[in-house]
Amino acid sequence: MHPNSDPARLSKWALLVSSVLSIVFLAAAAIRENVAAEWKGVQREYKTILLAKSADAVARRRAEAFSIEIRQVTVPALKVVDRCVSCHNGIEDGRMADQSQPHRTHSQELLKWHPVAKFGCTTCHQGQGLALTFNDAKGEEAFWDYPLLPAALTEATCATCHDPRALSRGSAAKLVRGMELFDVKGCASCHKIEGKGGSLGPALDNVGLKTKHQFMRAHLSGSQTTWNWHSEHLRDPGGLVPGTKMPSVGLTAAEREALTVYILSLRKRDLPEAYLANDKIEEKYAKLHPAAPKGEALYAKYCSHCHDTGLYARWSKNFKRFIPAIRNQAFLRLEDDECLAENILEGRPGTEMPGWGPKAGGLREAEIQAIVEYLRGETKFTALPPAPARGSAERGHRLFTMNCAGCHGVGGKNGFAPALANAVFQKAATDAFIAETIRNGRGNTPMPSFGRAGLGQQEIGDLLAYIRSLAQPVRQARSYGRAPERDQVAGSEER
Amino acid sequence: MHEHRRGSRRSFLSWAAISSFCAAIGTALAGIIRLPKPAVLPGPQRIYKLGDPEQFAVGTRVKLETEQCCLFRDEQGFHAISTICTHLGCIIAVQEQGGFACPCHGSRFSESGEVVGGPAPTGLPWLEISLSVEGQLQLNAEAEVPRGTKFRA
């Protein structure tokens, strides 16, 4: 046996080493939590600034009484517990205007109307209010649903309690610009807000409260926040969502930012009434009592994105078909107001044109009437020459295949010209209208004149018979639309 | 001699191992004992900033609804009296002719908060008033001060 050997020697060393390691670890944790905490350092620094800025003995005494502790704002009505003020100690102190963050004074004008004690911080800025380090408070990396909004986008939350257009001195100018862009660029052609708008894209009522996990981010590089997603998606929709029908809208970087602010502002929060500003209440009231609709503005908002000026037929890359020229004089001379209204009301099932009636696109009858008046403009409906009698559908079929199917599609559907095998078309178009269009074509669109190309009255009659056999017209009761005697005429034509 | 030194080295190792083990346990326990007492609770704190002290002229006697107290200012300074009844917690009315009256069970209090009549067991507490760092009048409705304490800004 070795003279130095102690049977417990190894265990003693093991105990010593593990205990010392534990003590070091615990001490480090204690220092990290109690001494080196980020907010404690910030408050010590703030206290030095306070002491340096104390002009007289009273201010000095107050500065010395500044205790280093966790501070928080609690607003139960908004479910807010914000510890941001543990580091941003100087937000209410006008003397801190020259300091750098986090000590700097908040805009006093804004705080005057939005006292921290009533609103908290995260109500406007988002972020994780309970956090005590800046990284956690931002909440961008963590699983926090609403990370701190960058300063450039903070206006988005104004609309929760305000009508941004009513705010004085353009304090929400970017948000207002975004709202205008939404109308000007015709976003409502595809996206519904509060039940009004097209149906090709998703409704956007509450999109500002969506979390990043609700967006497709497989192709999103850089910041994974919702605002980066929106900005990138506006720049290149197909790049983020392959196969999307959303077109690239063609916006400048500033416009993208404004529109992103508006998109983020779309949030339905159930707030206590005391938090709604008067202008917000007026905005809600105005929505219930809308002014007389203006056709031109409605056209720009809901129609122009696809139909553009409406003067020419337009090829749509996304839809892979022609979009009809609905303000084209050649078209308006052939189609009367009731027929126009019918098409807007019902849309064209089976194509990208949605219905815009009260139960579909959310437009009121007065608004549809205003759009019809705008489309009509100065062009009068001229009485059409009577249609030739319907001939043989069989001969019509052959003629259709030779002359029409190339654009209108075999069987009058799936072509890139307007679908003829369509219930609403069958209801809205009269025989005289169809015959006249075949005979003379349609100016400013790819539809040529087949009369000049040699189709006679009888052949047009045959085509009519075939086209009428393509689909049954819609039949449904409705309070709005054509006069009953016209229905009877249309019915007699069909037999 | 040699034998003795080896023995002392051996016992020193035992002593160091055991005492460091105890120290580790002690440190851990100290940390654990702190846990039940959080630095701050997420509940609402009844500390209110009332703004510039100069907006309250000498002779002010105003009922503050959200803060649930009555704020006074006289020549000696500021004081605030809670308007929560010490009987069952009703909100007390500030009477124009002076004093306080509880509408629930008819407790009456004098202008300085002492019980004058009714079922209230104790007088109304005086609340702590101070100046915040940026110079606003600050009311701490969670802290009581002895009756008669007045705050001079």
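Residues numbered from 1 in each chain as written. Chains lettered and ligands numbered in written order. Predicted model: local features only at pLDDT ≥ 70, side-chain atom pairs only at ≥ 80, totals over all residues. Heavy atoms only, no water.

Helices and strands together make up the secondary structure of chain A, namely 22 helices and 4 strands. In terms of overall dimensions, chain A is more spread out than a globule: its C-alpha atoms have a radius of gyration of 34 Å, far above the 23 Å expected for 495 residues. With the C-alpha coordinates of chain A rotated into their principal frame, the extents come out at 120 × 75 × 35 Å. Carbon and sulfur atoms make up 57% of the accessible area of chain A, which amounts to about 26100 Å² in all. Averaging the positions of the 64 positive and the 53 negative side-chain charges in chain A gives two centres separated by 3 Å. (Helix = DSSP H or I, 4+ residues; strand = E, 2+ residues; numbered from the N terminus. Rg over C-alpha atoms; globule rule 2.2 N^0.38 Å. Areas by Shrake-Rupley, 256 points an atom, 1.4 Å probe, with all protein chains shown as cover. Lys, Arg positive; Asp, Glu negative; His and termini not counted. Charge placed at Lys NZ, Arg CZ, Asp CG, Glu CD.)

Glancing now at the overall build of chain B. Looking only at helices and strands, one finds 1 helix and 10 strands in chain B. Traced from its N-terminal end to its C-terminal end, chain B shows the element sequence α-β-β-β-β-β-β-β-β-β-β. For a compact globule of 153 residues, the expected C-alpha radius of gyration is about 15 Å, and chain B comes in at 28 Å, more than 25% above that figure. Along the longest, intermediate and shortest principal axes, the C-alpha atoms of chain B span 95 × 40 × 25 Å. The buried share of chain B, reckoned over its 153 residues, is 38%. (Buried < 20%, exposed > 50% of the residue type's maximum accessible area, 1.4 Å probe, protein only.)

In this model, helix α16 (residues 365-376) of chain A (12 residues) spans 16 Å end to end at C-alpha, consistent with the 16 Å of a helix rising 1.5 Å per residue. Where α16 of chain A terminates, the next one or two residues include G377 of chain A, which has phi positive at roughly 55°. (Expected span 1.5 Å × (residues − 1).)

What follows is about the domain arrangement of chain A. A common way to express how large an interface is: the accessible area buried when the components associate. All names here are of chain A. Segmentation of chain A into domains returns domain 1 (39-142), domain 2 (160-277), domain 3 (295-376) and domain 4 (393-494). One C-alpha centre belongs to domain 2, the other to domain 3, and the line joining them spans 25 Å. Taken together, the contacts link 15 residues of domain 2 with 15 residues of domain 3. Summing both partners gives a buried area of about 1300 Å² for domain 2 against domain 3, and 53% of it is carried by carbon and sulfur. The largest contributions to the domain 2 side of the interface with domain 3 come from S189, K196 and K245, which together make up 36% of the buried area. At the boundary of domain 2 with domain 3, the tally comes to 3 salt bridges. (Domains from an automatic or database assignment. Contact = heavy atoms within 4.5 Å. Buried area = accessible area lost by both parts, 1.4 Å probe. Salt bridge = Lys/Arg side-chain N within 4 Å of Asp/Glu carboxyl O.)

Let's shift gears to the nonpolar core. Residue and element names in this part refer to chain A. Ranked by internal contacts, the top residues of the largest apolar core, which has 69 residues, are F182, F400, F433, I434 and I438. When residues of this core are assigned to their parent elements, the largest contribution, 6 residues, is made by helix α11 (residues 253-265). Discounting chain neighbours no more than four positions away, the residues touching I434 are F425, A429, L464, I467 and R468. (Core = buried A, V, L, I, M, F, W, Y, C linked by side-chain atoms within 4.5 Å.)

Now for the interface of chain B and chain A. Of the residues lining the interface, 28 residues belong to chain B; the matching set on chain A comes to 28 residues. Both faces combined, the contact of chain B with chain A buries some 2300 Å², and carbon together with sulfur accounts for 63% of it. At the boundary of chain B and chain A, one finds 2 salt bridges. A salt bridge links E33 of chain A to R34 of chain B; the shortest N-O distance between them is 4.0 Å. Sort the elements by how many residues they give to the side of chain B that touches chain A and helix α1 (residues 2-34) of chain B lands first, with 14 residues.

All right, on to the environment of N343 of chain A then. Residues and elements named next belong to chain A. Examined against the element boundaries, N343 turns out to sit in helix α15 (residues 337-346). Assessed through its relative accessible area of 12%, N343 is described here as buried. For the pair N343 and K427, spaced 84 residues apart in the sequence, the C-alpha separation amounts to 9.3 Å. With near-sequence residues (within four places) excluded, N343 lies in contact with E335, R348, M353, V424 and A428. Side-chain polar atoms of N343 contact the side chain of R348, separated by 3.2 Å. (Polar contact = N/O pair within 3.5 Å; in protein donor to acceptor, adjacent residues only side chain to side chain.)

Residue and element names in this part refer to chain B. Spatially, the 6 strands line up as an open sheet ordered β1-β10-β9-β4-β3-β2, and their pairing is antiparallel. Whereas interior strands pair on both sides, the edge strands pair on one side only; in this sheet they are β1 (47-51) and β2 (61-64). Ignoring which end each strand starts from, the neighbouring axes of this sheet average 30° apart. Bridge analysis of strand β3 (residues 69-74) against strand β4 (residues 77-82) gives 6 bridges, and the strand direction is antiparallel. What sits directly across from D74, in β4, is G77. (Pairing = 2+ DSSP bridges. Axes fitted to C-alpha atoms, helices over the stretch in contact; angles between N-to-C directions.)

Once that is clear, we can look at the pairing of strand β9 (residues 126-131) of chain B. Residue and element names in this part refer to chain B. Taken across its 6 residues, β9 has 5 buried, putting it largely inside the fold. As defined by bridge partners, β4 adjoins β9 across 2 bridges and the pair is classed as antiparallel. Directly across from I81, in β9, lies its bridge partner W126. Count of turn residues in the β9/strand β10 (residues 137-145) antiparallel hairpin: 5 residues, of which G135 carries a positive phi of about 95°.

Residue and element names in this part refer to chain B. Taken in spatial order, the 4 strands line up as β5-β6-β7-β8 in an open sheet, and their pairing is antiparallel. Across the chains shown, the open sheet's two edge strands, defined by having one partner strand only, are β5 (93-94) and β8 (115-117). Relative to strand β7 (residues 108-109), strand β6 (residues 100-101) runs antiparallel, the two being bridged by 2 bridges. Pairing of F100 across the sheet is with F109, part of β7.

Below, the discussion takes up the environment of N444 of chain A. Residue and element names in this part refer to chain A. Considering the arrangement of structural elements, one finds N444 in the loop between α20 (431-440) and α21 (457-468). The exposure class assigned to N444 is partly exposed, which follows from its relative accessible area of 45%. Residues N444 and N328 lie 116 residues apart in sequence; the distance between their C-alpha atoms is 7.2 Å.

Residue and element names in this part refer to chain A. Taken as a whole, this structure holds 28 salt bridges over all chains when the rule is applied. Of the charged contacts in the structure, one is a salt bridge between K301 and D183, with a shortest N-O distance of 3.7 Å. Placement of K301 in helix α13 (residues 295-307) and of D183 in helix α8 (residues 173-184) is noted, with a sequence separation of 118 residues between them. Using a relative accessible area of 25% as the deciding quantity, one classes K301 as partly exposed. A salt bridge links R439 to E436; its shortest N-O distance comes to 2.7 Å. Remark: E436 and R439 occur in helix α20; sequence separation between them is 3 residues, near one turn of the helix. Each member of the pair R439 and E436 is classed as buried. Members of the salt-bridge network, linked through shared partners, are D163, R165, K280 and E283.

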